[in-house]
Amino acid sequence: SPPQPTNSQGAMLTLSDPPTKILQDDFSPGKGNALQACVASLFGQALIEVPNFVALECGYEEGIKQYLQSNSGSATSFTYVKKKPGDVTETDSSQLCILRGKSPRGDFGHVVIARVIRREAMSAKVSADKATFGMVHDPHPDGAFLDESDEYGWCMFFKEI
């Protein structure tokens, strides 16, 4: 059988909850590696073990898909589901996700790790208000997360298949 995917510690690749807190090291507006740092944090990997998805010619979504496929083994593999915040459902409650919004440092996007907050009266469709997500990890060293005055763009969940 093929070798199982491993992280830098030699353990099988799994989602880390709580996530490992990996920081980005490229701060180019709109081209930095916050997405790379978020994926590394969620899977407990070193930054160097994960590609900078926004710099890939194939685009970040295809890059993440290829990354997940190349790191899957016979026992564990992952896929991702990208949703608009208004399409988050009760089945997503308490799940970690990568949340995209406006950077608090300028007029460009940024991503962070957030958790869908469970509400007592959570409806099948949740509005895109800021109370839906609890901020967990900002890969930018200043820890300012996202600009709360702007709507979130998308959220990405990783699911074991």
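See the structure above.
Keep in mind it's a predicted model, so treat the numbers as computed, not measured.

1. With respect to unusual backbone geometry
At step 1: In this structure, Pro18 follows Asp17 across a cis peptide bond, with omega equal to 10°.
At step 2: The backbone of Ser94 shows a phi angle near 70°, a positive value even though the residue is not glycine.
At step 3: Examined against the element boundaries, Ser94 turns out to sit in the loop between strand 1 (78-83) and strand 2 (96-102).
At step 4: Phi at Phe145 takes a positive value of approximately 60°, unusual for a residue other than glycine.

2. Here's the deal with the pattern of salt bridges
At step 1: Here the structure, examined in full by the defined rule, presents six salt bridges.
At step 2: Among the salt bridges present, the one from Lys159 reaches Asp92, with a minimum N-O distance of 3.9 Å. A residue pair is termed long-range when its members are at least 10 positions apart, and Lys159 in strand 5 (residues 154-160) and Asp92 in the loop between strand 1 and strand 2 qualify at 67 residues.
At step 3: In this structure Asp92 comes out as buried when scored by relative accessible area, which is 2%.
At step 4: For Asp142, the salt bridge identified is with Arg105, shortest N-O distance 3.0 Å. With Asp142 in the loop between strand 4 (133-137) and strand 5 and Arg105 in the loop between strand 2 and strand 3 (109-116), this pair connects stretches of sequence that are 37 residues apart.
At step 5: By relative accessible area, Asp142 is classed as partly exposed at 42%.
At step 6: Exposure remark for Arg105: the relative accessible area of 28% places this residue in the partly exposed category.
At step 7: By sharing partners, the salt bridges in this structure join Lys83, Asp92 and Lys159 into a single network.

3. Some points on helix 1 (residues 34-43)
At step 1: Burial analysis of helix 1 places ten of its ten residues in the buried class, the great majority of the element.
At step 2: Contacts made by the buried residues of helix 1 are with helix 2 (60-70), strand 1, strand 2, strand 3, strand 4 and strand 5.
At step 3: Immediately beyond the C-terminal end of helix 1, within one or two residues, lies Gly44, with a positive phi of roughly 65°.

4. With respect to the pairing of strand 3
At step 1: Of all eight residues that make up strand 3, six are buried, and the element is covered over most of its length.
At step 2: Taken together, the seven bridges between strand 2 and strand 3 define a ladder with antiparallel strand orientation. Looking across to strand 3, one finds that Cys97 is bridged to Ala114.
At step 3: What sits between the antiparallel neighbours strand 2 and strand 3 is a turn of six residues.
At step 4: One ladder, built from four bridges, connects strand 3 with strand 4; its direction is antiparallel. Looking across to strand 4, one finds that Ile113 is bridged to His137.

5. Comments concerning the nonpolar core
At step 1: In this structure, Leu35, Val39, Ile64, Leu68, Ile98 and Phe158 are the most contacted members of the largest nonpolar core, which totals 24 residues.
At step 2: When residues of this core are traced back to their parent elements, those giving at least two are helix 1, helix 2, strand 1, strand 2, strand 3 and strand 5.
At step 3: What Ile64 contacts, discounting residues up to four positions off in sequence, is Leu35, Phe53, Tyr80, Met156 and Phe158.
At step 4: With eleven residues, the next largest nonpolar core counts Val112, Ala114, Phe133 and Tyr152 among its residues.

6. Focus: the sheet that holds strand 5
At step 1: Taken in spatial order, the five strands line up as 1-5-2-3-4 in an open sheet, and their pairing is antiparallel. Edge strands, defined here as strands with exactly one partner in the open sheet, are strand 1 and strand 4. Here the strands of the sheet are splayed against their neighbours by 35° on average, with no regard to which way each runs.
At step 2: Sitting on the sheet, helix 2 is in contact with strand 1 and strand 5, with an inclination near 155° to strand 1.

Thresholds, definitions, all that
- Residues numbered from 1 in each chain as written.
- Predicted model: local features only at pLDDT ≥ 70, side-chain atom pairs only at ≥ 80, totals over all residues.
- Heavy atoms only, no water.
- Helix = DSSP H or I, 4+ residues; strand = E, 2+ residues; numbered from the N terminus.
- Salt bridge = Lys/Arg side-chain N within 4 Å of Asp/Glu carboxyl O.
- Buried < 20%, exposed > 50% of the residue type's maximum accessible area, 1.4 Å probe, protein only.
- Contact = heavy atoms within 4.5 Å.
- Pairing = 2+ DSSP bridges.
- Core = buried A, V, L, I, M, F, W, Y, C linked by side-chain atoms within 4.5 Å.
- Axes fitted to C-alpha atoms, helices over the stretch in contact; angles between N-to-C directions.

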